[in-house]
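One letter stands for each residue in the lines below.
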Amino acid sequence: MPRALPILLLLCLLFAVNAAQAGFRPFSERDASAFCSADAGLDIDQIAGPGWQTRFQPLPDGKLARGYGHDTCWLRLQLRDLPPRPWLELIPSYLARLSLFQPLPDGGWRRQDIGSWRPMSAMELPLMAASFSLQPREQTVFVKIQSLALNAQPRLWSEPDLIAHHNERMLQLGLIYGYMLSMVLIALAAWLITRRAQHAKLFGYILAVACHRFATDGMARLLLFPEQPKIALLCNYVGLGAAVILGCAYFAHLLELKRDYPRTYRLYQLQAATGAATVLCALFWPFGLAYSIPLTLYAVIGINLLTLPVCWRLWRRNDSGDRLIALHLPTNLALNIPALLFHLGHIPYQSWIQEYGRLADLPPITLLYIGLFLRMRTLERERIEALHQASQAQADSLRQREAREEQTDLLAMITHEIRTPVAIIDAASSSLRLLEEDGPAPTVLAQRQARHERIQRALLRMQELMRLAEQHGRADVSDAGLHAQSLDLLELTRHSLEQLDADEQRRFRLQSDGTLMPLCGDAQLLSVLLQNLMENALKYAHPDTPIQIGVHRLAEHIVWQISDHGPGIAPGQEEAIFQRFTRLAETSNRPGLGLGLHLARRIAVQHGGELGLDPNWPHGASFILHLPKAAHDAHSLA
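Owing to the predicted nature of the structure, the values given are computational and were not obtained by experimental measurement. (Residues numbered from 1 in each chain as written. Predicted model: local features only at pLDDT ≥ 70, side-chain atom pairs only at ≥ 80, totals over all residues. Heavy atoms only, no water.)

Q: I'd love a proper account of the overall build of the protein, names of residues and values included.
A: Secondary structure assignment for the protein yields 18 helices and 18 strands. Buried residues in the protein amount to 47% of all 638 residues. Put simply, 76% of the contacts in the protein that link residues at least 6 apart link residues at least 24 apart. (Helix = DSSP H or I, 4+ residues; strand = E, 2+ residues; numbered from the N terminus. Buried < 20%, exposed > 50% of the residue type's maximum accessible area, 1.4 Å probe, protein only. Contact = heavy atoms within 4.5 Å.)

Q: An account of a nonpolar patch on the surface is needed here, citing residue identities and associated values.
A: A cluster of nonpolar residues, Leu-280, Leu-283, Phe-284, Trp-285, Phe-287 and Tyr-291, forms a patch on the protein surface that exposes about 720 Å² of accessible area. If one sorts the elements of the nonpolar patch by residue count, helix α8 (residues 262-284) sits on top with 3 residues. Within the secondary structure, Leu-280 is located in helix α8. (Patch = residues over 30% accessible without salt bridge, like charges linked within 9 Å, V, L, I, M, F, W, Y side chains within 5 Å. Areas by Shrake-Rupley, 256 points an atom, 1.4 Å probe, with all protein chains shown as cover. Salt bridge = Lys/Arg side-chain N within 4 Å of Asp/Glu carboxyl O.)

Q: Could you give an account of empty space enclosed by the protein, naming the residues involved and the relevant values?
A: Applying the stated criterion to the full structure yields 4 cavities of 30 Å³ or more. Taken as a whole, the largest cavity holds about 580 Å³ of empty space. What lines the largest cavity is a set of 29 residues, and nearest its centre among them are Leu-240, Ala-243, Val-244, Val-300 and Leu-340. If you list the elements that add at least two residues to the lining of the largest cavity, you get α4 (197-216), α6 (229-254), α8, α9 (289-306) and α11 (320-343). In terms of residue count, the dominant contributor to the lining of the largest cavity is α6 (8 residues). Taken together, the residues of the lining of the largest cavity break down into 18 nonpolar, 9 polar and 2 charged. (1 Å grid on protein atoms, 1.4 Å probe; cavity = no way out; pocket = protein on both sides within 12 Å on 5 of 7 lines; lining within 4 Å. Points joined across faces, edges and corners; volume = space filled by probe spheres on them. Nonpolar A, V, L, I, M, F, W, Y, C, P; charged D, E, K, R; others polar.)

Q: Mind laying out the pattern of salt bridges, listing which residues take part and the relevant values?
A: Oppositely charged side chains may form a pair once their charged atoms are brought near each other. What the rule picks out here adds up to 14 salt bridges. A salt bridge links Asp-113 to Arg-111, with the shortest nitrogen-to-oxygen separation between them at 2.8 Å. We classify Asp-113 as partly exposed; its relative accessible area is 29%. Residue classification places Arg-111 among the exposed residues on the basis of a relative accessible area of 52%. Close ionic contact of Arg-317 with Asp-322 constitutes a salt bridge, the shortest N to O distance being 3.8 Å. A relative accessible area of 9% places Asp-322 in the buried class.

Q: I'd like a rundown of unusual backbone geometry, residues and numbers included.
A: With an omega of 10°, the peptide bond between Ile-91 and Pro-92 qualifies as cis. Even without being a glycine, Asp-81 presents a positive backbone phi close to 50°. Among the secondary structure elements, Asp-81 is positioned in the loop between β5 (72-79) and β6 (86-91). A positive phi angle, near 55°, is found at Arg-195, a position not held by glycine. Structurally, Arg-195 can be placed in the loop between α3 (159-194) and α4.

Q: An account of the state of the cysteines is requested, with residue identities and associated values reported.
A: Evaluation of the coordinates by the stated rule reveals 1 disulfide. This cysteine, Cys-211, is not joined by any disulfide, and Cys-235 carries the nearest cysteine sulfur, 6.7 Å off. Judged by relative accessible area, Cys-211 falls into the partly exposed class, the value being 37%. (Disulfide = S-S within 2.5 Å.)

Q: Could you give an account of the packing of aromatic side chains, naming the residues involved and the relevant values?
A: Two aromatic rings are characterised by how far apart their centres lie and by the angle between their planes. Within the structure shown, the criterion is met by 13 aromatic pairs. Relative to Trp-157, the ring of Phe-24 has its centre 5.6 Å away and its plane inclined at 50°; by these criteria the two rings are tilted. Of this pair, Phe-24 sits in the loop between α1 (4-20) and β1 (25-26) while Trp-157 sits in strand β11 (residues 149-158); the two residues are 133 residues apart in sequence, bridging distant segments of the chain. Note on Phe-578 and Phe-623: the rings are 6.2 Å apart at their centroids and 85° apart in plane angle, and the pair reads as edge-to-face. Here Phe-578 is found in the loop between β16 (557-563) and α18 (596-606), whereas its partner Phe-623 is found in strand β18 (residues 622-628), with 45 residues between them in sequence. This pair shows no difference in class: Phe-578 is buried, exactly as Phe-623 is. (Phe/Tyr/Trp six-rings, centres within 6.5 Å; stacked < 30°, edge-to-face > 60°.)

Structural data, given as structure tokens:
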């Protein structure tokens, strides 16, 4: 969309160039003069009489520039070298009441009444501006102008040139208003989609500008209200006031004047008040328009000039969208100043003001739309980035909460598990005190030895629980936390077996070819892995059944496998047993925390290995551990 706007704007400009090169003939100071009076009752016989001719003053460049007022102006035009089928056109199109007086050959005057306050059916040709057919002879004619805006230019045309120029102007205006309609629809769509007040104000502002221009150019009277000219003229004045009100509201919001520039904001409120006065006068007191409209136009010029420092600060933000928005107000002011000064009567009417004045709103609106598009794209990018950061923060918060919950669950279960060994130690200590009171008989010594062993096992259990809690934390760190060193997995297995009771050691069958099984890893963590798998097999294997441990090489890996004769793992639970704090229903009567297998797999993954179940073992459960073999003793995990 932003790329298409400059192309459409260029087409409008090309049509304006063609329209500005129209084939009319202006009047010179020698042929055009004017007399203005507050007396609206003067008639043509008085004005054409010899005593009034000295009151007419030559028109500079044949153009009347009086601004707004309630005077009645008479134009005296000398018609010489008329073209074939001549026509007199008076522009602009919103001149209210015009009366042309042509002298008749036998005396008297032929009167023709026309103007923006008369219906199109009173027009000799359906044209936008007031046009009169002329007698093809040299003569002096008078034009009576009764209009709120006393700025006019009479022009001579031949009828074919006038019609051709009108058709070209209609084509140009069709392109211009099609462009403005697309701007209105874009703002409407943005408002309907976002439901934001800012887009509603923009929609109202662009619509009011389009309605005002549509009425000013005579298109409303020609196409919409051909028989209700007062409604078309009302659209002109109401559109002007509404454009000022909505423009002030929109730009005050866009530039954040109320928050950052309160003084400028109060000036915008004053400007909106002048626009409201114009609307009220148009609806209820048309006589007051001669005062409210100049006040509104002066406010537009002055307050927009005072807003330039705000635009400069917006430009210095160094954002492409903000810079285009900052260019809107000065561009709009620069392009509209000639038309505003013309309406105020400070400069005479110029044809280029009429043609290019129709385009004056298009470049600023185009800059505004492109700037808003770029700003919205920047804001959307910042919104997505903020959402991403918020999502990351939420994920981090969730992970921290889960970690705290896991830590709380672990501590609760460890506390529960410690109660049993503490009770054993307490009972054994009491028994020892009783035995020490008796004599040192052999039976007493044997009982004392048994109590010591129970205490020792309870202490080992407590140490194991504390070590498990410690390794639970270490297993959650990255590989950088591993204390890597050269190891022999077979030797590490034998050392882990030595930590068991004699009766437990006798149940294990270690199978290996006796060669070294070199790998690199953290000896303490790997010992926890092996011991957890051994204790798991002792816990769930049927009593007095052997437990097989096999250690052998397979390609670039060392395979460590432990198999028992027990109830095995139910189908569909092969992965569930490795989840944290998970215990199967059929093993809930066995002591444990549900952490051993989870930690074992975590440790295996940290060492670049895998831990899983052997689906081919038919007698119970068989766990297979694959660890990468070290290339040489100096090999490191990194």
